[in-house]
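# Structural characterization, general
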Number of protein chains: 4
Amino acid sequence: MSERNIRVESIDRQAVEDQQVEIVERKGIGHPDSICDGIAEAVAGALAREYLDRVGEVLHFNTDETQLVAGEAAPAFGGGEVVDPIYLLIVGRATKRYEGQMIPAETIALRAAREYLESEIPQLTVGEEIVVDVKLGEGSGDLQEVFGEDEVSVPMANDTSFGVGHAPLTETEQIVLEAERRLNGEFAEENPYLGPDVKLMGKREGDKIDVTVAAAMVDEHIADMDAYVDAVESVREFVSSVANEHTDRAVDIHVNTADDYDEGSIYLTVTGTSAEQGDDGSVGRGNRANGLITPNRSMSMEATSGKNPVNHIGKIYNLLSTEIAESVVDDVDGIRDLRVRLLSQIGRPIDQPHVADVEVVTDEGVALGDVEGEVETIVDRELADVTGVTRRVIEGELSTF
Amino acid sequence: MSERNIRVESIDRQAVEDQQVEIVERKGIGHPDSICDGIAEAVAGALAREYLDRVGEVLHFNTDETQLVAGEAAPAFGGGEVVDPIYLLIVGRATKRYEGQMIPAETIALRAAREYLESEIPQLTVGEEIVVDVKLGEGSGDLQEVFGEDEVSVPMANDTSFGVGHAPLTETEQIVLEAERRLNGEFAEENPYLGPDVKLMGKREGDKIDVTVAAAMVDEHIADMDAYVDAVESVREFVSSVANEHTDRAVDIHVNTADDYDEGSIYLTVTGTSAEQGDDGSVGRGNRANGLITPNRSMSMEATSGKNPVNHIGKIYNLLSTEIAESVVDDVDGIRDLRVRLLSQIGRPIDQPHVADVEVVTDEGVALGDVEGEVETIVDRELADVTGVTRRVIEGELSTF
Amino acid sequence: MSERNIRVESIDRQAVEDQQVEIVERKGIGHPDSICDGIAEAVAGALAREYLDRVGEVLHFNTDETQLVAGEAAPAFGGGEVVDPIYLLIVGRATKRYEGQMIPAETIALRAAREYLESEIPQLTVGEEIVVDVKLGEGSGDLQEVFGEDEVSVPMANDTSFGVGHAPLTETEQIVLEAERRLNGEFAEENPYLGPDVKLMGKREGDKIDVTVAAAMVDEHIADMDAYVDAVESVREFVSSVANEHTDRAVDIHVNTADDYDEGSIYLTVTGTSAEQGDDGSVGRGNRANGLITPNRSMSMEATSGKNPVNHIGKIYNLLSTEIAESVVDDVDGIRDLRVRLLSQIGRPIDQPHVADVEVVTDEGVALGDVEGEVETIVDRELADVTGVTRRVIEGELSTF
Amino acid sequence: MSERNIRVESIDRQAVEDQQVEIVERKGIGHPDSICDGIAEAVAGALAREYLDRVGEVLHFNTDETQLVAGEAAPAFGGGEVVDPIYLLIVGRATKRYEGQMIPAETIALRAAREYLESEIPQLTVGEEIVVDVKLGEGSGDLQEVFGEDEVSVPMANDTSFGVGHAPLTETEQIVLEAERRLNGEFAEENPYLGPDVKLMGKREGDKIDVTVAAAMVDEHIADMDAYVDAVESVREFVSSVANEHTDRAVDIHVNTADDYDEGSIYLTVTGTSAEQGDDGSVGRGNRANGLITPNRSMSMEATSGKNPVNHIGKIYNLLSTEIAESVVDDVDGIRDLRVRLLSQIGRPIDQPHVADVEVVTDEGVALGDVEGEVETIVDRELADVTGVTRRVIEGELSTF
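Residues numbered from 1 in each chain as written. Chains lettered and ligands numbered in written order. Predicted model: local features only at pLDDT ≥ 70, side-chain atom pairs only at ≥ 80, totals over all residues.

Condition: UniProt positions are given in the numbering used here, feature names are shortened, and annotations may be inferred rather than shown by experiment.
Chain A appears in an unreviewed UniProt entry as S-adenosylmethionine synthase from Haloterrigena alkaliphila. On record in UniProt, under Sequence similarities (unreviewed entry), the comment for chain A is "Belongs to the AdoMet synthase 2 family." Of the comments in the UniProt record for chain A, the one headed Pathway (unreviewed entry) reads "Amino-acid biosynthesis; S-adenosyl-L-methionine biosynthesis; S-adenosyl-L-methionine from L-methionine: step 1/1."

### Side note on the interface of chain B and chain A
Let me state the cut-off plainly: Distance between backbone-placed C-beta atoms decides contact: two residues are in contact if it is within 7 Å. Here a helix means four or more residues in a row that DSSP labels H or I, a strand means two or more in a row labelled E, and each is numbered from the N terminus. The nonpolar class holds Ala, Val, Leu, Ile, Met, Phe, Trp, Tyr, Cys and Pro. Asp, Glu, Lys and Arg form the charged class, and all remaining residues, Gly among them, are polar.
Contact residues are listed per partner, giving 49 residues for chain B and 48 residues for chain A. Residue assignment for the side of chain B that touches chain A shows that the elements contributing at least two residues are β2 (21-27), β4 (67-69), β7 (86-94), β10 (130-138), β11 (162-167), β12 (194-205), β17 (335-343) and β18 (355-362) of chain B. Broken down by element, the side of chain B that touches chain A gets its largest block of residues, 5 residues, from β7(B). Class assignment of the residues belonging to the side of chain B that touches chain A gives a composition of 19 nonpolar, 16 polar and 14 charged.

### Here's the deal with the interface of chain B and chain D
Across the contact, 21 residues belong to chain B and 21 residues belong to chain D. Of all the secondary-structure elements, those providing two or more residues to the side of chain B that touches chain D are β6 (81-84), α2 (105-120) and β10 of chain B. Among the elements that make up the side of chain B that touches chain D, the one with the highest residue count is α2(B) (5 residues). A breakdown of the residues in the side of chain B that touches chain D according to their chemical character gives 11 nonpolar, 2 polar and 8 charged.

### A word on the UniProt feature "binding site: ATP" (unreviewed entry) in chain A
For clarity, the cut-off: Three exposure classes are used, all based on how many other C-beta atoms lie within 10 Å of a residue's own C-beta (placed from the backbone): buried at 20 or more, exposed at 12 or fewer, and partly exposed between those limits.
Feature annotation in UniProt places "binding site: ATP" (unreviewed entry) on Gly137(A), Glu138(A), Gly139(A), Ser140(A), Gly141(A) and Asp142(A), given in this structure's numbering. Residue classification places Glu138(A) among the partly exposed positions, given that 16 C-beta atoms sit within 10 Å.

### Concerning unusual backbone geometry
Residues Ala167(B) and Pro168(B) are joined by a peptide bond in cis, for which omega reads -10 degrees. Tracing the backbone through its elements, the reader meets Pro168(B) in the loop between β11 and α3 (171-190). Backbone geometry places Glu99(A), a non-glycine residue, at a positive phi of 50 degrees. Summarising the element assignment, Glu99(A) is placed in the loop between β8 (97-98) and β9 (101-102). Judged by the 7 C-beta atoms lying within 10 Å of it, Glu99(A) falls in the exposed class. Located in the positive-phi region is Asn256(C), a residue other than glycine, with phi close to 50 degrees. Along the polypeptide, Asn256(C) turns up in the loop between β14 (250-255) and β15 (268-269).

### Concerning the sheet that holds strand β18 (residues 355-362) of chain A
All names here are of chain A. Selection rule: Two strands are said to pair when DSSP picks up at least two bridges between them. Under this scheme, a helix contributes an axis fitted over its contacting stretch, all axes are lines through C-alpha atoms, and angles between N-to-C directions fall in the 0 to 180 degree range.
With respect to topology, 4 strands assemble into an open sheet ordered β1-β18-β17-β11, the strand pairing being mixed. The sheet is open, and its two borders are formed by β1 (6-10) and β11 (162-167), each paired with just one other strand. Strand-to-strand twist of the sheet, defined as the mean angle between neighbouring strand axes without regard to direction, takes the value 15 degrees. Where β11 and strand β17 (residues 335-343) come together, 6 bridges link them in antiparallel fashion. Bridge pairing in β17 links Val164 to Arg341. With respect to the sheet, helix α5 (residues 313-331) is in contact with β11 and β17, its orientation differing from that of β11 by roughly 25 degrees. Lying over the sheet, helix α6 (residues 368-384) contacts β1, β17 and β18, oriented at roughly 145 degrees with respect to β18.

So this is what it looks like as C-alpha cells:
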C-alpha cells in the first residue's frame, strides 16, 4: 500500500437516489454558458497540443475566462436574422515567447474557437453573427512543471484546492444527461429544427420525476406555428423515450413551458442558441465536470474548462475524483452512493493529496469493511496515474462540462 | 396555514459540524472574482434605484456577467507600479428607453463601478490601473413585473430555478467568514499593508482545523523583507485570535504558504489584488450568496450578484432560503443543521414555490415533530414577505457574495 | 444657363507638370490606411444597398472611422505566421430601426468587411489573423434626405464643407497611380509573392523622376534570399516599364531601399501587409478621392471613404469635383491644368453650391475666354447630375481612395 | 555654407492672400478629431518624458492612432445627461521592456489621456461619460536613435516622407486661428456656456470674408432659449471683434447657422463636444501642424500628433518646415508668401534632407536675388538645429494641431 492519505468512511446519510427531493440540471452544448465552457476548453486543448508540437512541453497557460455578450435577433418562421452580433471575448494567460521562439497563442485561440463554433453551433456564422475577440496576457514564461513528450513528472500542487466526484448517477441524473446528449446527437441530426441550446431541469419528488426542457428551435427549419407545435411534441416524445430507458418511475416531460401560442410567444431562434437574444454567458457558471448541476451533491465551484491540464489542481482533481468514483463503482459491488473528494496541499506532488476522502453509502446488508480495501486500492491506483488524466484532456478525450 | 407547498423533513445524515472532513472557502472582497461580484451587484443596485427614481418602477435588467482581464504589475518594497492595466468589462442587459424617456444605463453602470472600486480597492487608480468598459444590451423594454414605489406585486416565476440556504454556520464556516470580514475591516484599517485580496481556505478533519490564508500585501506599506515577515505574522496572529473566538478545537493558521523567502518569491502587490498580476475574474465563480463556498453543503450554481432583484428567481430564492434558514435557527430551539431549498415553477407567483423543501437535523433528543410546526410557520411567513428581500437588495442591505 | 454660382478663372501659377519639384504618393490597396478606407467604403456600400433593398431608401449612416490596430508576425522564407492578430474596429453610425423594422447594420458591416478582406487581402485569414469588431451607434433615425428607388430628390447641404478635384494627372501622378494598380493587378496575379501592401512615392525634380516603391513580399512564395532579390528586381523592372509608358523623362525606380541583405533585414511578410507587423491604420489618412496624395495640389482633409453617399457633402463634392475636372479636360482642348473646388452652404440644395470655383491654367496661346463658356457648361451639367455620383457610389462604380 | 540641398525658388503664382477665393478651416480643441489629436500628442509627450526619466533616452513608440467612438446624449436647458458614453481607444506601439526594466506604457498613456481630458474638456467626466481604453503593441525594442539626456545624435531618416510649412498666415487664416484660440481661452473662461467644440470655417471671396462658427453650448449654463440666443449673439460679437483686429476687409460672422429655433433644433450639448452626440473622431483627420486646414496651400497628409518626435520624419519635417517658414518671414523683409517643403531620403541624417525646397512669392519690387541668400542661411541654420524641434515637442512647447 502506498503512503497516500486515503480515508474511506461510511456515511450514514441516504444515497441521493433515496432522498425525497432531488434536483438535477444540465445546460446543453449550445447554452451561452456551455458555449463559453466549450470554447475555453477547445482553446486550452489546442494550446496544449501546439506547445507539445513546438517545444515538446506544455507551457504555462489558463484560458478559463471566456465571456459571451449576447446579441439581438429577429427570428421568423422560415428564417430570420441576427440583428446585433454576439460578442465573445476569450480571456486568459498564455506563454507567447519561449527560448527565443514566438508562439502565436492568440492566433491559435481564435482558430480553435472558430473551429469549435463551426462544428458545434453550425447555424452561427462566425465573423458575422458572432465576433470572437481575444485577450491573452503573457504567461509567467518560466515553465513550472515538466509535461513533455518524452518525460512526465508529477507536478507539485501550486494552490490549495479540491475536487469532488460522485458515482453512480441517479436515474434522474442519467435521464437529464443522456437526454441532452442524444437530443444534440441523433435527434438533431434527423431533425435540424432543434438547436443546440437545450436546457434540462430534472426534479424528482419521491418516485415522481418531472423533466422540464427548454429547447431552442431553429427558425429556418420551422415553417409555421403548426410545425413548431409538432417540433415541441417530437422533442417531448423523444425525451420521454430516453427517460423510460433509465427508470421505471413515473416521468413527465415538459417542453418549452413558457410558450404562449396565443401571444405568439415561442422559443424560436435564428441560430439555435439564446445567446442571439439577450442571454449572456461565461465559463464555469454551468455544468460541473461531470456534465451536471446537482444541488443534492457536493460540488466544486472551480471552472474546469479552459484550465491548464498539467498543473491546475482544481481541474485535475475534479476530473480525477469523478474518474475514481466511476472506477470504484464499476469494479466494486455493494456500493449505493459514493463521493470522492481530493484536497491538495501546496508544495506536495499532486499524486499525494493532502487527503483523499471517500464517503461510501453501502447497499443494504453490505458493511464498509466488505469494500474498504478494494476501494482504497482503486483510489491508490488512480492517484498513481494522475498524469493520465492530463494526457487524456490534452487529447480531447475527457469532457469538462 | 397557507396553501404553500412546504415540506419539512427529518434527515438522517450528520450535521456538517459532525462530519469527519469539512472544507470551507471564502474569497475576500479584493479577489478578482469578488471584484466582479461586487461590481455586478453595485451596478444592479444603482440601476434599480435609478429606475425607481426616474420612472417609479424597477425596469428590466441583468448585469451579472462582469469579466475582469488581469493586468501585469511590478511590485517593489516601498512601492512598485502596475505595468499593464487591468481591463474590466461590465456585461448585461438594461432598459435604456422607457415611455419616451432615455435612461443612461451605461453611464450609471460606469459610475457605480468606479465608486465601488474607489471605496473597496482604494489602492487601484480607476482609469489608469484599471480600464472599466461596458456593454449593456437593450433590455426587452416591456416591464414584466411591477415593483414600484407605491405598489408592489409578487412577480411570476419566469424560469425553473432554485435557491438553497443553510443554518447555522459551522465553527469552521464562522471562522473563515469572520476572519475575512475583520481582516478587511478593523485589521486593514490599522494595518494598511494588508490588501483586500484575502483568500481563506478552512479544512477541518475531526477536531483539527487548518486555515490557510493567502493575503496580498501592499508594497507601498512594506519597506523590506523584515516588514513583510512581520506583516505575515500579524495576519496569522489576528486570524488565530478570531478563530479562538469561534471554536475550542485546535486551530492552525497558515499564511502565504507559497512564499519562498530565499528566492524572494513573496505575495507582494501594488494594489492589494492579484488581478494586477495575472488572475482573471468573473461573476458567480466565487462565494455563494451566504459568502462561502461549502462543498459539504448543497450549493446553487446561480450567480446571485448582478441579477435583477425583482424577478430573478435564482437570486431571490438563494437570498430568501438563506434568510429563512437563519430565521428558523434563531427562533426555534433544537435544530443542529438545517437546509432550505426553494424550487420555482414557471408561471406561479414566486411566493408560491413549486416546493419549499426543508431538511432538518435535530439535536439529540429532539424529534422532528417537536419543531415541525414552528418551522413551517416561519417558512410560510418569510415566503409571504418575498418582496422584502427585493426591497433590501435594492437598498444595498443584503450581501450577495 | 443655370443660376449656379460658377466662377471660371484663369490662374497665373504654373501647371503642376511645369513646377520644378513635384511629390506624389499612393498607398496601395493593402496598406493599413487603405485597408481601413476599403473596408469603410465596402461597409458603406453594403449598407446603402441593403437599405434600398429593405425600405426602398438609403437611411442615415456614416462608417468612415475604421481603426486598425496592427498585429505582430514572424515571417520566414517559405512561410511564417502571424503571432498576434490584427484588430480592426469598424466605427460609425447606422439606422437600426425604421418603421418597426429591425435592420441588422452590424451584421451587414461585418459581412461586408469579411468579404472585402477575403477578396483584397486573401493571404489574411479573417477570424484568425485579424479580428474584426464593430461599434455602430444608432443613427438619428429620421431620414433626412430622400434617395429611393423610385424618387430622388437633391438633398440640402447639412454642413459647410468643400471638395476639390484636379485634371489632368501629371506624368508622375499617372506613373504612381498606374504602377500600383497594375502591380496589384496583372503583376500580382502572375507573381503571388507580391503582397497588396505596395506604397509608391514619386518625386520629380525638373525632368528627373524617382519612384520609390515599398513592396511587401509574401513569405510563402519566397523560398530564400535569392528568390527575394529576384522578386525585388522583377518589381523594379515592371514599374520601370509602366513608367516608360507615361513619360519620356528619365525615371529611376527604387524598390525596398530600406533592405539590408547583410543583416537579413528585408521586407518580408506573412500576409502581404505591414498591418501584421506594427503598422496601424485608419480611414482618411491615406489617398485622397483621386487615389493620390499630392502636396503640389490643394487637397481636402475630408475622409471620402465610408461616408454616406446621399447626403455627405464632403464625399459628394470631392468625388464630383474630380469628375468635373476630368470631364472638362476630356472635352475641352487647350487646358494644361485645372482645379475645381465646390463649397457648400448649409441649407442650400447640393446641386447649388455656394461657389463652384474653377481655376484654369491654359496651354500656351490659349486664352481663358477661348474655353470659359465650354467649361462652365460642363460644370453646370455635372452639377445638375449630382445624384448620379451617389448612384454610382452605391453601385460600387467609383473608387474613393 | 553647408552641403545641404536647399533650393530657393521664385514662384510666379499669386500669394494666397491675393487669390480670388480662399478657404480656411479650424477644428477647435473640443472637436472629436482634435480630442484625438490632443490625446495622441499628450500620450506621446508623456511617454517621451517618462522614457527620458527612466532610461535616459527616448525609446521607440508611436501613438498616432487614437479612435473616438461617439456617445449619445440628451441635453436639456439647465443640464441634461450623457446617455451612452463615448468610447476612446488609444492605439499605437510603445517599448514596454528595456534592458530588464518594465515600462508601464499603457498606464502612462491612460494617465496622460485622463489628465488631458480633465484639463481640456472639463465638463466630460472621465470613466463615466467617456471610457478610455488602450492597445499599445510592443515596440521593436531595439532603440534606433539616440536621443538622450546627455547625448543627442541626429537620426537617420527611416522613411521617405515630407513636411510642408507656410508663412505668413493670411488675414483669413489669422482670424480663424485666433478666434478659436481666444474663444476657448478668455471667452470660455468668462462664459462657461461655451464648450470647447468650436469649429470655424473661413471663406474669402475677393475682399469679403465670411466666418461660419459652429459652437457647442453647454446646457448646464444655458437656462432657456433666450439664454441660448444671447449666447450665440455673444459668440458672434466676440469673433467679429477678433476678426476686426486682423483685417480691414468686410467680415460677416455666422454662428450655429443650422439652428432652427422654431423646431427647437439648436446646438446644445451636455459636455461641450459633439462627440457626445454621434460625431466620431480620429487622429490626423483635422487640423494640420500649423493648426489649420488650408486647401489653398499644399498640405501633408501625415498625422503629426502622437508620432515619435525623435525619429518620425513626417512629424519633424512638418513642424520644422513651419518653423522655418515663420523664421524666414520674421527675419527677412520683402516676402509676401513662402512655402517650405522638406523631403527626406531613407538612410540620410534628417538634418540633410533629400531636398529643402523653398518657394518664395516676393513683394512687389523685390527680386528673388534680394532675399535668396538670407533665406538660405536661415533654412540652413534651422536644419542644423533639427533636434531642437524634438526637444521642444517633448517639453510640450510645440502645438501639433
